[in-house]
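Secondary and tertiary structure notes
Letter by letter, the chains look like this.
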Amino acid sequence: MFPHTFSVLSEGFAADPYRYFAQLREQAPVHYEPTIDSYFLSRYEDVKRVLTDHEEFTTGILEVRAEPVMRGRVLAQMTGAEHAAKRGIVVRGFTGRALQDQMRAVQATAAELMAPFLPRGRVDLVNDFGKPFAVQVTLDVLGLERKDRQQVAAWHSGIAEFITSLGLTPERRRHCLECAERLEARLLPLIQQRRRQPGEDLISKLCTAEFDGIALGDRDVIALIINVLAAATEPADKTLALLFKHLIDHPEQMAQVRRDPSLLPAAIAETLRYTPPVQLVPRRAEQGAVFAGTTVPPGATVFCMIGAAHRDPEAFTAPDAFDIHRPDLGAARSFTAAARHLAFGTGLHQCIGAAFARAEIETVAAMLLPLLDRVRHSPGFRYRESGLYTRGPVALPLDFTPRPVP
Ligand code: 2IO
């Protein structure tokens with residue numbers, strides 16, 4: 001039957017894509033999906049090639065997949081001197097002193113959001129904690145007001161839906177574009193104000209920074225803000241919940257991490273390998289290409305299947321095992337350009353927020369682990385994930401030993 005009746009758009013694949021990855025890599029490593037006219041690559045080697053050969057495989061596809069909701073061009077679409085200069089500006093917003101301040105805000109936010117659940121001994125790590133946490137941290141980084149959280153969360157959902165969907169109805173598309181337009185209208189006066197009176201936040205830095213004599217215009221700033229909003233928010237709650245799920249499901253490794261918190265970066269890196277929250281990365285095959293004997297035509301849309309590549313036995317030994325000690329993880333390099341896993345992509349456009357993401361998840365996990373004593377799945381819970389592009393638990397209800405608010 002496979003691969004003729006197989007579809008990445010099927011209910012079976014949506015329920016558990018991991019069940020299909022081996023067959024895909026072996027029997028349909030270049031899977032064509034006719035209704036969306038796109039090719040899905042599942043082998044590590046092919047995915048790596050697409051992400052590193054910038055001449056053959058470009059980010060041109062983002063003109064249609066991202067630009068309409070980013071309201072301008074994002075870093076991933078740029079190349080050469082412009083890319084280097086503007087990337088430099090954004091990097092400075094996420095390193096050194098800035099990163100230290102951001103992590104202090106992460107701690108304060110995590111403590112505040114978890115407090116009401118501590119005496120109850122029960123929390124849904126996705127819906128009670130992770131989602132508001134992810135949005136709040138992003139607001140703090142950008143310097144947006146806390147009272148806007150619900151509104152920004154709603155706009156974020158629409159924007160994320162646009163970027164991550166494989167086929168939108170015209171109605172949904174209109175809704176997503178409206179979210180982006182409303183957010184843009186909110187941001188414009190704010191940008192004018194920060195240009196006059198800059199603070200310590202990322203928006204102020206984007207407004208005032210110069211790199212090699214290049215400064216950012218309003219269009220650039222808007223697109224970068226919306227990009228940071230989506231990229232910092234969308235995968236964060238998923239990564240945190242997946243980390244806790246895997247550690248709860250592997251009690252021995254949970255005990256080791258509790259005893260020795262210096263293992264946390266490896267546990268986070270292995271979570272990103274085992275279950276990457278961003279499952280798909282799109283590119284355009286400019287001249288066409290041949291993968292594993294299958295030809296992809298010029299101009300074709302190809303999706304790199306990060307989750308499938310991470311389970312490729314050619315790349316990782318015993319890939320279906322969660323093991324924070326695996327020697328081929330390269331834990332020390334996992335949040336750098338030398339990472340073996342591809343959860344942050346690789347090559348020229350590798351995630352600019354990788355170090356921030358690591359610090360954020362490490363900070364919140366190091367805080368929560370001692371607070372959530374004997375943490376376990378709530379009785380009767382049936383685990384479910386959703387999302388083909390970004391993917392994570394629908395919910396993660398946990399029980400733990402109740403305690404007074406510290
Ligand atoms: C708009 C899927 C949220 C990014 C794109 C250029 C977004 C870009 C990504 C990740 C996560 C998103 N692509 N971050 O895959 O900035």
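Placed above this text is the structure.
Below is a summary of the structure that appears in this document. (Residues numbered from 1 in each chain as written. Predicted model: local features only at pLDDT ≥ 70, side-chain atom pairs only at ≥ 80, totals over all residues. Heavy atoms only, no water.)

This brings us to the overall build of the protein. Each helix and strand in the protein was counted, giving 17 helices and 14 strands. In the protein, of all internal contacts separated by at least 6 residues, the share reaching a separation of at least 24 is 71%. Of the roughly 17500 Å² of accessible surface on the protein, a fraction of 53% belongs to carbon and sulfur atoms. Across the protein, 47 positive and 48 negative side-chain charges occur, with their mean positions spaced 4 Å apart. (Helix = DSSP H or I, 4+ residues; strand = E, 2+ residues; numbered from the N terminus. Contact = heavy atoms within 4.5 Å. Areas by Shrake-Rupley, 256 points an atom, 1.4 Å probe, with all protein chains shown as cover. Lys, Arg positive; Asp, Glu negative; His and termini not counted. Charge placed at Lys NZ, Arg CZ, Asp CG, Glu CD.)

On to the side chain of T346. Here T346 lies in the loop between α16 (306-309) and α17 (354-371). A relative accessible area of 7% means that T346 is categorised as buried. The residues touching T346, leaving out its near neighbours within four places in the chain, are K48, L51, T52 and A337. (Buried < 20%, exposed > 50% of the residue type's maximum accessible area, 1.4 Å probe, protein only.)

Okay, the pattern of salt bridges next. All chains considered together, the criterion is met by 28 salt bridges. Between K245 and D249 there is a salt bridge, and its shortest N-O distance comes to 2.5 Å. You can see K245 and its partner D249 sitting in helix α13 (residues 236-249), four residues apart, about one turn around the helix. Since its relative accessible area comes to 34%, D249 is described here as partly exposed. E270 is paired through a salt bridge with R273; the nearest N and O atoms lie 2.9 Å apart. Here R273 and E270 lie together in helix α15 (residues 264-274), a separation of three residues that amounts to about one turn. The exposure class assigned to R273 is buried, which follows from its relative accessible area of 0%. (Salt bridge = Lys/Arg side-chain N within 4 Å of Asp/Glu carboxyl O.)

Right, let's get into helix α12 (residues 218-233). Helix length check: α12, at 16 residues, gives a terminal C-alpha distance of 22 Å against a target of 22 Å (1.5 Å per residue), a fit within 8%. Every buried residue of α12 is accounted for by D220, V221, I222, A223, L224, I225, I226, V228, L229, A230, A232 and T233. (Expected span 1.5 Å × (residues − 1).)

A few words now on the site of the ligand. Inspection of the region around the ligand gives L62, A66, M70, V74, N227, A230, A231, E234, V278, Y389 and T390 as its neighbouring residues. N227 is positioned with one of its side-chain polar atoms (N or O) 2.8 Å from an oxygen atom of the ligand. In isolation the ligand offers 410 Å² of accessible surface; the protein chains occlude 81% of this area. Broken down by element, the residue count for the shell around the ligand peaks at three residues, all from α12. A breakdown of the residues in the shell around the ligand according to their chemical character gives eight nonpolar, two polar and one charged. (Near = heavy atom within 4 Å. Polar contact = N/O pair within 3.5 Å; in protein donor to acceptor, adjacent residues only side chain to side chain. Nonpolar A, V, L, I, M, F, W, Y, C, P; charged D, E, K, R; others polar.)

Sheet topology places strand β1 (residues 30-33) next to strand β2 (residues 38-41); four bridges connect them, and they run antiparallel. By the bridge assignment, E33 is partnered in β2 with S38. With antiparallel pairing between neighbouring strands as the criterion, β1 and β2 make up a hairpin whose turn holds four residues, including D37 at a positive phi of roughly 45°. (Pairing = 2+ DSSP bridges.)

Here we have three strands laid out as an open sheet, ordered β4-β14-β11, and antiparallel in their pairing. The outermost strands of the open sheet, each flanked by one partner alone, are β4 (122-124) and β11 (376-377). With two bridges connecting them, β11 and strand β14 (residues 397-399) associate as antiparallel partners. Residue R376 lies in a different strand from β14, and its bridge partner there is D399.

Here the focus is the environment of A84. Summarising the element assignment, A84 is placed in helix α6 (residues 80-92). As a C-alpha pair, A84 and F211 span 127 residues in sequence and 8.9 Å in three-dimensional space.

The next subject is the packing of aromatic side chains. Note on aromatic pairs: each is described by the distance of the centres and the angle between the planes. Summed over the entire model, instances satisfying the criterion amount to 14 aromatic pairs. Each ring, one from F40 and one from F303, has its centre 5.0 Å from the other, and the planes form 20°; the classification is stacked. Of this pair, F40 sits in strand β2 while F303 sits in strand β10 (residues 300-305); the two residues are 263 residues apart in sequence, bridging distant segments of the chain. Classification of F303 as buried rests on a relative accessible area of 2%. Between F303 and Y389, the ring centres sit 6.4 Å apart and the planes meet at 85°, which makes this aromatic pair edge-to-face. Separated by 86 residues along the polypeptide, F303 in strand β10 and Y389 in the loop between β12 (385-386) and β13 (392-393) bring together distant segments of the chain. Assigned by exposure class, F303 and Y389 land together as buried. An aromatic cluster is present here, built from F6, F13, Y18, Y20 and F21 joined pairwise through their rings. Looking at K245, its charged tip hangs above the ring of Y383, at a distance of 4.3 Å from the centre. Across from the ring centre of F316, 5.5 Å away, lies the NZ or CZ of R340, which sits over that ring. (Phe/Tyr/Trp six-rings, centres within 6.5 Å; stacked < 30°, edge-to-face > 60°. Lys NZ or Arg CZ within 6 Å of the ring centre and 35° of its normal.)

In spatial order, the strands read β1-β2-β10-β7-β3; together these five strands make up an open sheet with mixed pairing. Taken across any chain shown, the strands that pair with only one partner, and hence form the sheet edges, are β1 and β3 (57-58). Sheet topology note: the β3/strand β7 (residues 280-285) ladder contains two bridges and is antiparallel. Among the inter-strand pairings, T58 is bridged to a residue of β7, identified as R284. With respect to the sheet, helix α3 (residues 44-52) is in contact with β2, β3, β7 and β10, its orientation differing from that of β10 by roughly 120°. (Axes fitted to C-alpha atoms, helices over the stretch in contact; angles between N-to-C directions.)

Just geometry here; none of it tells us what the structure is for.
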